Amino acid sequence: MEYASKDLTIRKLRRTTDFKNLTFRIGGYTEANEGRFYHLWKNGEVLSIQAEPYRRPGIDYSQSPDEPWSTKNFSSDKEAFFYLQEVLQAMVDNLQFGTENNWAHLVRQKDNTYSLIYTRKEFVRLKCPVWTKKVNLDDIEITRIVDCALWEGIHEGMEIDLFMGVQQIWSRFVAAESLGHKLMNEAGVSHYTYKLLAHVYKSGMIIGVMCEPIVGRRVCPTDRAAVFAAVADIQRHGILLGSLLPHDILITHEGVRFLNISGVRFYKDHDELAAKAETSHWAELAKTFGSGMIAPYTPLGSRARDSLSYVIPRLPSPGRPVYTTPELAVMRFVWSVMTSPGEYARSDVRPLLKFRDQQQKVKSAITNDSKHRKRADFGRKVLIAPLDCSESENRFEELDQIVPAADEPYHPKRRSSPHTPYERPTKKLLLPRDDE
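Just so it is clear, the model here is predicted, and its values are computed rather than measured.

Draft legend 1. Summary view of helix 3 (residues 168-187). Here helix 3 contains 20 residues, and its C-alpha end-to-end distance of 30 Å stays within 8% of the 28 Å for a straight helix at 1.5 Å per residue. All of the buried residues in helix 3 are Ser 171, Val 174, Ala 175, Ala 176, Glu 177, Ser 178, Gly 180, His 181, Leu 183, Met 184 and Ala 187. Summarising the contacts, the buried residues of helix 3 are in contact with strand 9 (158-164), strand 10 (196-202), strand 11 (205-211), helix 4 (224-236), strand 13 (239-240) and strand 16 (265-266). Just past helix 3, the residue Gly 188 takes up positive phi, approximately 80°.

As C-alpha cells, then:
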C-alpha cells in the first residue's frame, strides 16, 4: 500500500489479520466511452467491475493528440469515480469471488440502488502456442500486488514475479511478452532477460506469465560500455529490442538485463535490422547515456515501485464485533487518503509519510543477565490521528518506528539503585484515613 509502511505486505497480513475477508482494490481507471473500471482481489481471486461512463454535459471527451482527455479530468470526474468505489464498499461482503465469472457490470436501478450482473471474459489471446509449463494461480502464494498487472509471489519455495492480464489493456502486453521471450529464447539471447518460467492460468484461461524476480541495480553512466556490448550481441542474433529507455535496463551480478520484452522483433534480413536499429537501438542509447543522464533512473520492475493496491475496509455491522489492530488502523487511513477526490488531500499526507520513512527502528538490546538490561536508546512512540478522525475522537494510528526523545531523563547504565523512577512499588501502601 502506497501510504502504509513498506513492511505491511500481503504476506504479513495473512498472519496478523482475518485475511480471507480482506478485499483489495488492485487497480482502477475510467474511460469516457466504456465506463469506470474497478479491479478487486480477495484471497487469490480476481473480480473486475465495470460501471457506466460518467460524462459531464458540455464537455467534449474525444481524444486528440493536442488535447488529451486527461487534461479535462476535473474534480467532479474523480468524485464520480470514487463515489462508485464507496458504493462497492457497501457491497463488499456480497461480492462473488472464486466462481467462473471474473467480470461484473454495476447497474443502477430505477430507485438509484445498484446491483451486479456477473459474466465471464477472456482477455489474454496468445500470439504463439504455450511454450513453457503452465502453473495454476491457486498454486502461487501472492505476497505483494503493485497494481493489476504487476504481482509478486512464491512458487515451490522460490520468489517469482507475475505479469498479469486481468483486463483488456494489459492482456495485450502479456501476450506480446510471451512471444518476445520466445523469440529471445530461440535466438539464444535469453540470458539478457529475466527468464520466463511459466504461463499462469485460472479457470482454464491463461491470465499471465511468471518470471524470475526482477532484481538489479539501476543503470548509470558508467554502465555505457556494458550496455552497448549487450545490445550489439543481441542485434547480431537478429533481435530488435522494443525499448531501451533507462527504466528498461538493469544491471545484475550476471550482467545486463533488459525489461519490456513485449516489443521484441526478429529479423532474418540483417540489413533491414541494421537500418531499424539505427533509430531503435543506437539513437535511443545515445539519448539514454547522453548529457541529460545525471542520476540513476528508477526501473519499471514491481520491486522498485510502491504498491498502488489497498484494502477496501468492511463497513460496521450489528452482527460483527467492532475491533481494531494497528494493521486495520493503517488500512482505514490509506482508504481515507486514496478516496479523497482532490490531489491536495494526498499532498497533505506526504510530509507525514516522509517523516515516518526517515525514522529508523530502534530495537532493544538485552544482555544475558536478566538483572542488567540495556536499552539501545530511550525513546517514545508517536501517536498520530488518522485523517478521517476528528480531534475529539480518541483513535490514533501508531507509527512503526521509535522516535528518539530529545531529553534523556533516565539512563540505565548510571543507576545506583535497583528501583527506577518508572517502576511502580510492588508493596501496597497503607495510608491513614481522615477520621483516624
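Draft legend 2. Molecular detail of the sheet that holds strand 8 (residues 150-155). As summarised here, the arrangement of the six strands in space is 6-10-11-9-8-7, forming an open sheet in which the pairing is mixed. Two strands close off the open sheet at either side, each with one partner strand: strand 6 (133-136) and strand 7 (141-145). Put simply, the sheet's adjacent strands are angled 35° from each other on average, direction ignored. Taken together, the four bridges between strand 6 and strand 10 define a ladder with parallel strand orientation. Considered in strand 10, the bridge of Asn 136 is made with Tyr 201. Taken strand by strand, helix 3 contacts strand 9, strand 10 and strand 11, and its axis lies near 125° from that of strand 9.

Draft legend 3. Representation of helix 4 in the model. Spanning 13 residues, helix 4 covers 18 Å between terminal C-alpha atoms, matching the ideal 18 Å at 1.5 Å per step. For helix 4, the complete set of buried residues consists of Val 227, Ala 230, Val 231, Asp 233, Ile 234 and Gln 235. Packing partners of the buried residues in helix 4 comprise helix 3, strand 13, strand 14 (249-252), strand 15 (255-258) and helix 5 (270-288). Directly after helix 4, the chain includes Gly 238, whose backbone phi takes a positive value near 85°.

Draft legend 4. Inspection of the pattern of salt bridges at higher detail. In total, this model carries eight salt bridges according to the counting rule given. For Lys 202, the salt bridge goes to Glu 45, with nearest N and O atoms at 3.0 Å. Of the two residues, Lys 202 is situated in strand 10 and Glu 45 in strand 3 (residues 45-51); the sequence distance between them amounts to 157 residues. In this structure, the salt-bridge partner of Arg 314 is Asp 93, at a minimum N-O distance of 2.9 Å.

How each quantity is defined
Residues numbered from 1 in each chain as written. Predicted model: local features only at pLDDT ≥ 70, side-chain atom pairs only at ≥ 80, totals over all residues. Heavy atoms only, no water. Helix = DSSP H or I, 4+ residues; strand = E, 2+ residues; numbered from the N terminus. Expected span 1.5 Å × (residues − 1). Buried < 20%, exposed > 50% of the residue type's maximum accessible area, 1.4 Å probe, protein only. Contact = heavy atoms within 4.5 Å. Pairing = 2+ DSSP bridges. Axes fitted to C-alpha atoms, helices over the stretch in contact; angles between N-to-C directions. Salt bridge = Lys/Arg side-chain N within 4 Å of Asp/Glu carboxyl O.

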